[in-house]
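Breakdown of the fold
If you want the building blocks of each chain, they are given just below.
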Amino acid sequence: MWQSIIHYGLHFSLPLLVAILFYRSQWKKAFLIMIAMMVVDIDHLLADPIFDPGRCSVGFHFLHTYWAIGVYFICAFIKPLRLFSLGLLLHMVADFTDCWMMGTW
Ligand SMILES: [Zn+2]
């Protein structure tokens, strides 16, 4: 239970922190774009079962693989894509923290 609170808490608090620290003048817009990157979890629909509480998303789902994370990282250097990239990378950090807490990584 406390793990899901930390997990979902990170999904919101990390983008909020980055938005406030680095995009102060437009933090709401930055925050919303980063939060919107949670759509990457759509790849869970391709998995069977769709939701498995004991499974580590990172390295398992198509958009959570290490090469996908590499692509997100590269996009951070392309200014128009940076916020999308940051949102995706922070999402991976939150998912990864979950795996770490479960001991599946
Ligand atoms: Zn995810």
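Above this text is the structure in question.
One structure accompanies this document, and this report is about it. Since this is a predicted model, take the numbers as computed values, not measurements. (Residues numbered from 1 in each chain as written. Predicted model: local features only at pLDDT ≥ 70, side-chain atom pairs only at ≥ 80, totals over all residues. Heavy atoms only, no water.)

**As for a nonpolar patch on the surface**
Residues Phe-73, Ile-74, Phe-77, Ile-78, Leu-81 and Phe-84 make up a contiguous nonpolar surface patch of roughly 600 Å² in combined accessible area. You can see Leu-81 is positioned in the loop between α3 (66–75) and α4 (82–102). For Leu-81, a relative accessible area of 34% puts it in the partly exposed group. (Patch = residues over 30% accessible without salt bridge, like charges linked within 9 Å, V, L, I, M, F, W, Y side chains within 5 Å. Areas by Shrake-Rupley, 256 points an atom, 1.4 Å probe, with all protein chains shown as cover. Salt bridge = Lys/Arg side-chain N within 4 Å of Asp/Glu carboxyl O. Helix = DSSP H or I, 4+ residues; strand = E, 2+ residues; numbered from the N terminus. Buried < 20%, exposed > 50% of the residue type's maximum accessible area, 1.4 Å probe, protein only.)

**Some words on the coordination of the zinc ion**
When four donors bind a metal tetrahedrally, each ideal donor-metal-donor angle is 109.5 degrees, and when six bind octahedrally, the ideal angles are 90 or 180 degrees. Coordination sphere of the zinc ion, protein contribution only: Asp-41 (OD), His-64 (NE2), His-91 (NE2) and Asp-95 (OD), at 1.9 to 2.2 Å. In this structure, the zinc ion is coordinated by four donor atoms arranged in irregular fashion, with angles at the metal of 89 to 167°. Here the donor residues for the zinc ion map to a single chain with the spacing D-x22-H-x26-H-x3-D. Of the two residues, Asp-41 sits in the loop between α2 (27–36) and α3 while Asp-95 sits in helix α4, which places them 54 residues apart along the sequence. The exposure class of Asp-95 is buried, given its relative accessible area of 4%. (Donors = N, O, S within 2.8 Å, 3.2 Å for Na, K, Ca; no water. Tetrahedral: all angles 85-135°; square planar, octahedral: opposite > 155°, others 65-115°.)

**As for the nonpolar core**
Residues Leu-10, Leu-14, Val-18, Ala-19, Ala-30, Phe-31, Ile-33, Met-34, Ile-35, Leu-83, Leu-90 and Ala-94 constitute the largest nonpolar core, which totals 12 residues. Of all elements in the fold, only α1 (2–22), α2 and α4 reach the threshold of two or more residues within this core. When residues of this core are assigned to their parent elements, the largest contribution, five residues, is made by α2. Once residues lying within four places of it in the same chain are set aside, the contact partners of Phe-31 are Phe-12, Pro-15, Leu-16 and Ala-19. Counting 11 residues, the second largest nonpolar core, distinct from the first, contains Met-37, Val-58, Met-92 and Cys-99. (Core = buried A, V, L, I, M, F, W, Y, C linked by side-chain atoms within 4.5 Å. Contact = heavy atoms within 4.5 Å.)

**Re α1**
In this model, α1 (21 residues) spans 29 Å end to end at C-alpha, consistent with the 30 Å of a helix rising 1.5 Å per residue. Of all bends in α1, the biggest is about 30°, found at Leu-10. All buried positions along α1 are accounted for by His-7, Leu-10, His-11, Leu-14, Pro-15, Val-18 and Ala-19. For α1, the secondary structure elements touched by its buried residues are α2 and α4. (Expected span 1.5 Å × (residues − 1). Bend = angle between axes of the 7 residues up to and from the residue.)

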